[in-house]
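Chain and residue survey
Okay, here's what each chain looks like letter by letter:
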Amino acid sequence: MTHRPFQPSVDYPPLARLLSAAGPRPVTPAELRAKDAQLPPTGSLFAGPEGLLTGFGRIRLVEPGPDGELAAFATAWRAPWTPPGDVASLVVGTKGLPPERLLPLMDALERWARGAGARRLLGELAQGHPELLRLAIARGHRIDAHIRTASARLDTLPPAVPPPGIRLGTLATTSAPQPALQLYRLYRETLRDNPGFVDALPDFDHWYAEAVAGEGCRPDWMFTAECAGRIVGVTAARATDDPRTCRIDYTGVLRPWRGRGLARSLKLHAARRLAGHGVRTAHTEVEAGNTPMVAVNSALGYRWGPGHHRLVKQL
């Protein structure tokens, strides 16, 4: 059966089941609807001052299965803060679906990106699909990064011992001036050193809506390290549908405070506070080339699981 456009009226439940089976964590129809509700109702793609694609827009396609479920899903999009000229994409299929069945969807996304005027097409491919990875590379994609997944039991970790002069707290309790703006600037600075980051950081309002006020976010789950009124490190956790499980979205430490064990202290501080809220397990993702964070997570007992490859194709 050929693919068709995504239909919000009927496709959220089967899409949630498909993404849950194919991804690292469960996804609910309500979560998908909530994320869509945060997006503009219509796209607006245009060439910026340097002739590179900018703005917001997306395409979503599904391949129905014989039983009313979805055999595959494909989407390409760009957000206003995506680097000019770039379009992101994702293609997933049910377990056992021949890789060749996904190629028409990949081609449709590429045609859409080219038609929109994109310069690069970014994609993700979960580990465990060597044949599809081979086909993608043969069609001009290259591996840009390897994102590893990891999880840990929080109630087994020791208490945090911060470096001298550092006060551990949260965004809800910190006495630092303009704490949200400080955190935004910390994200901007530390993301430059994160090999797993490819987007451009959005403006403050968009960042706040996603990182601080987004679904599952709580100010008391943004764990901070403060020195003399300045926030110098953060570990941000996000709640999931399972109250015993959370996601660690980001950990960052400003350069002058690195090398002192502050990332470890932040993670242990977060673990103790989260365990006090009944959370037992934390999941996170780390780019394999981010050796300091890989080492910190490994030393804390995080267990590594399957991840995904990030792909790039020049258009």
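The sections below set out a description of the structure shown in this document. (Residues numbered from 1 in each chain as written. Predicted model: local features only at pLDDT ≥ 70, side-chain atom pairs only at ≥ 80, totals over all residues. Heavy atoms only, no water.)

Considerations on empty space enclosed by the protein
The full count for this structure, using the stated rule, is 2 cavities of 30 Å³ or more. Counted as a void, the largest cavity has a volume near 160 Å³. Along its surface, the largest cavity is lined by 13 residues, and Ser89, Val91, Met106, His141 and Leu311 are the ones closest to its centre. Breaking the lining of the largest cavity down by element, the ones donating at least two residues are strand E5 (86–93), helix H3 (103–116), strand E6 (120–126) and helix H4 (130–138). When residues of the lining of the largest cavity are assigned to their parent elements, the largest contribution, 4 residues, is made by E6. Here the lining of the largest cavity is composed, by residue class, of 9 nonpolar, 3 polar and 1 charged. When its volume is computed, the second largest cavity comes out at roughly 40 Å³. For the second largest cavity, the full set of lining residues is Leu154, Leu157, Ile248, Lys267, Ala270, Ala271, Leu274, Leu300 and Tyr302. Looking at the lining of the second largest cavity, its residues break down into 8 nonpolar, no polar and 1 charged. (1 Å grid on protein atoms, 1.4 Å probe; cavity = no way out; pocket = protein on both sides within 12 Å on 5 of 7 lines; lining within 4 Å. Points joined across faces, edges and corners; volume = space filled by probe spheres on them. Helix = DSSP H or I, 4+ residues; strand = E, 2+ residues; numbered from the N terminus. Nonpolar A, V, L, I, M, F, W, Y, C, P; charged D, E, K, R; others polar.)

What to know about the nonpolar core
Counting 47 residues, the largest nonpolar core has Tyr187, Trp207, Cys246, Leu262 and Leu274 as its most contacted members. Sort the elements by how many residues they give to this core and helix H7 (residues 262–276) lands first, with 7 residues. Here Cys246 is in contact with Trp221, Ala237, Arg238, Thr240, Leu274, Val279, Thr281, Ala282 and His283, once residues within four sequence places are set aside. In terms of nonpolar packing, the next biggest core, distinct from the first, is built from 25 residues, Leu53, Ile59, Val91 and Ala118 among them. (Core = buried A, V, L, I, M, F, W, Y, C linked by side-chain atoms within 4.5 Å. Buried < 20%, exposed > 50% of the residue type's maximum accessible area, 1.4 Å probe, protein only. Contact = heavy atoms within 4.5 Å.)

Side note on the packing of aromatic side chains
All chains considered together, the criterion is met by 9 aromatic pairs. Taking 5.3 Å as the distance between ring centres and 75° as the angle between the ring planes, the aromatic pair formed by Phe6 and Tyr12 counts as edge-to-face. The two residues Phe6 and Tyr12 agree in class, both being buried. A centroid spacing of 5.5 Å and a plane angle of 90° characterise the contact between Tyr184 and Phe204, whose relative ring orientation is edge-to-face. One end of the pair, Tyr184, is in helix H5 (residues 179–191); the other, Phe204, is in helix H6 (residues 204–212), and 20 residues separate them in sequence. Taking relative accessible area as the criterion, Tyr184 reaches 9% and is therefore assigned buried. For Phe204, a relative accessible area of 28% puts it in the partly exposed group. Three or more aromatic residues joined by ring pairs make a cluster, and in this case those are Tyr184, Tyr187, Phe204, Trp207, Tyr208 and Tyr250. In this arrangement the basic side chain of Arg148 is found over the ring face of Trp304, its NZ or CZ atom lying 4.2 Å from the centre. (Phe/Tyr/Trp six-rings, centres within 6.5 Å; stacked < 30°, edge-to-face > 60°. Lys NZ or Arg CZ within 6 Å of the ring centre and 35° of its normal.)

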